[in-house]
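# Fold and geometry: a report
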Amino acid sequence: MKTTRTAVFFPKHSVAPFAAAAAVFAALVGDASAWGVTTAPDRDKAWSFSLGQIVDVSGRVDETFRAFYKATGQDWKQSLAESYDLKDFGVDAPYTTFGLHYRRDWRYFAFRWDLSVFSLSADAKARRDYYIGLGDDVRYGGRKYDHMKIPSGSSFSVDFRGGLMDGVISFTPVELAFSDTFSVVPSLDLGLAVFGGEWEIDAGEARGTATYQNPPVDFVVGGSSSSLVGAGAPMLGAGLEFRVGRSDWVQWVTRLNAGFFKYDGSTKFFTGSGREKDLELDYASVGVETRVELPMTETTCLELGGRLRFMTLDAEIRSKERDTAAIVAARERFDKSADLDLVMAELFVGVSF
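A brief structural summary. (Residues numbered from 1 in each chain as written. Predicted model: local features only at pLDDT ≥ 70, side-chain atom pairs only at ≥ 80, totals over all residues. Heavy atoms only, no water.)

## Some details on the overall build of the protein chain
Cut-off, in case you're wondering: In DSSP terms, a helix is any run of H or I states spanning at least four residues, a strand is any run of E spanning at least two, and both are numbered starting from the N terminus. Contacts are assigned to residue pairs with any non-hydrogen atoms lying within 4.5 Å of each other. To be clear on the numbers: accessible area is Shrake-Rupley with a 1.4 Å probe, and residue cover counts the displayed protein chains and nothing else.
Regarding its fold elements, the protein chain presents three helices and 17 strands. By sequence separation, contacts in the protein chain at least 24 residues apart represent 72% of the contacts at least 6 residues apart. Surface accessibility of the protein chain: about 19,600 Å² in total, with carbon and sulfur atoms responsible for 62%.

## Thoughts on the packing of aromatic side chains
Formally: Note on aromatic pairs: the rings of Phe, Tyr and Trp (six-membered ring only in Trp) are paired at centre separations within 6.5 Å, and the planes decide the class, stacked below 30 degrees, edge-to-face beyond 60, tilted for the rest. Only protein chains enter the accessibility calculation, which uses a 1.4 Å probe; a residue whose area is less than 20% of its type maximum is buried, one above 50% is exposed, and one in between is partly exposed. Lysine and arginine charges are scored as sitting over a ring when NZ or CZ, respectively, is within 6 Å of the ring centre and within 35 degrees of the ring normal.
On inspection of all chains with the given rule, the structure shows 16 aromatic pairs. The interplanar angle of 50° and the centroid separation of 6.2 Å between the aromatic rings of Phe 68 and Tyr 69 together place this pair among those described as tilted. For Phe 68, a relative accessible area of 3% puts it in the buried group. Centroid distance Tyr 131 to Tyr 212: 3.8 Å. Interplanar angle 10°. Geometry classified as stacked. Of this pair, Tyr 131 sits in strand S6 (residues 130-140) while Tyr 212 sits in strand S11 (residues 209-212); the two residues are 81 residues apart in sequence, bridging distant segments of the chain. Taking relative accessible area as the criterion, Tyr 212 reaches 27% and is therefore assigned partly exposed. Put simply, the rings of Tyr 84, Phe 89, Tyr 130 and Phe 156 touch in pairs and so form one group of aromatic residues. Above the ring of Tyr 69, the side-chain terminus of Arg 66 is found at 4.8 Å from the ring centroid. When the ring centre of Tyr 84 is taken as origin, the NZ or CZ atom of Arg 128, which lies over that ring, is 5.1 Å away.

## A few points about unusual backbone geometry
Cis rather than trans, the peptide bond between Ala 93 and Pro 94 has omega equal to 10°. When you line up the elements, Pro 94 lands in the loop between strand S3 (83-85) and strand S4 (95-105).

## Quick word on the nonpolar core
Test applied: As used in this record, nonpolar core signifies buried Ala, Val, Leu, Ile, Met, Phe, Trp, Tyr and Cys residues forming a set joined through side-chain atoms within 4.5 Å.
Of all hydrophobic cores here, the largest spans 42 residues; its most connected members are Phe 89, Tyr 130, Ile 150, Phe 156 and Ile 201. Among the elements that take part in this core, S6 stands out by supplying five residues, more than any other. Leave out the neighbours within four places in its chain, and Phe 89 touches Tyr 84, Ala 122, Ala 124, Tyr 130, Ile 132, Phe 156 and Val 158.

## Looking at the pairing of strand S2 (residues 45-63)
Two faces belong to every sheet, and in a regular strand the side chains alternate between them. Rules: When DSSP locates at least two bridges between a pair of strands, those strands are taken to pair.
In this sheet, S4 lies alongside S2 in antiparallel orientation, the contact comprising 10 bridges. Bridge pairing in S4 places Gly 52 opposite Thr 97. In terms of strand pairing, S2 meets strand S17 (residues 336-352) through 17 bridges, oriented antiparallel. Residue pairing for S17: Ser 58 is matched across the bridge by Asp 341.

## What to know about the environment of Met 235
Structurally, Met 235 can be placed in strand S13 (residues 224-245). Distance from Met 235 to Asp 189, taken between C-alpha atoms, is 8.0 Å for residues 46 residues apart in sequence. Setting aside residues no more than four positions away along its own chain, Met 235 makes contact with Asp 189, Leu 190, Gly 191, Ala 193, Gly 259, Phe 260, Tyr 283 and Ser 285.

## Focus on the side chain of Ser 285
Among the secondary structure elements, Ser 285 is positioned in strand S15 (residues 277-295). Among all residues touching Ser 285, those that are not within four sequence positions of it are Met 235, Asn 257, Ala 258, Gly 259, Arg 309, Phe 310 and Met 311.

## Examining the environment of Pro 295
Considering the arrangement of structural elements, one finds Pro 295 in strand S15. Here Pro 295 is in contact with Trp 249, Val 250, Thr 300 and Cys 301, once residues within four sequence places are set aside.

## Description of the pairing of S15
Judged from the 16 bridges that link them, strand S14 (residues 251-266) and S15 form a sheet pairing that is antiparallel. Residue pairing across strands places Lys 262 opposite Asp 282, the latter belonging to S15. Relative to strand S16 (residues 301-319), S15 is paired through 19 bridges, and the arrangement is antiparallel. Residue pairing for S16: Tyr 283 is matched across the bridge by Leu 313. In this structure, the hairpin formed by S15 and S16 is closed by a connection of five residues.

Below, the structure is given as structure tokens:
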């Protein structure tokens, strides 16, 4: 009995890209790599202290649209929208930072914890009448007010004491070793960033009240107020680490990383205010760190290095109400957009052990 064989042919050009990719992958994950990351067992953790600066900080808040004006046929009042820039409050970098940092490495995972604290002080003169909602009360004439007016031309000061903290767990499945002294470690990162502190605004002695907005709100003229502020957000990102030198001797390590967070939902998860809004939030952090590890003993190394971080935040806050009657009843305030950009540079010294 005659056997018939069927041959299946693939076009030559369709195979070539896959064959090339397979060859590259085989070269990287073959003898030139190891699953997990090679670490010196007696030097897999480190503490460091940093001194740095907020090199640049910029941000603004813009009132964009008030549904109440449209619902009541007063669209011409949209021009009353206010805008505030950090420079309106005298905020101008640089500002000194102090930091504490921890790192722990395992074969397939790594953990990094960073804390940077700073104090920000600014003195300014109001360029126009500033109407500010406060996080805490200001007293005048035996009453409590949660809004302040700083008249045009008045001097005032702003102080903030707080910091930025983040923790990141990295999954490091493979180390791509191109020689005995050069390797690349990719990672997938999952982290949490937290910002918080206490701010205070001082516009001198409280000296009267003023009525502003529709519906009317009482503002105390001048006065001082302080309150705690804070926010946190998870981050998803990736990293790439370049290692030059042997892990058990002098080594130069450079790490690039990026983390992102996006939220589209209600403000009730971020504020205790009774006025619930729709919030669209985008946060991104990009950083580069480089360090040299210098052996001091068989089990300890001196670490010297620096890091640079870029952080950006964009937010849109809009009214949740869509029904005209509900908008009028709620006296909806202006929708707002906000952005904040910050650049931080640090030099650090530490010990791995």
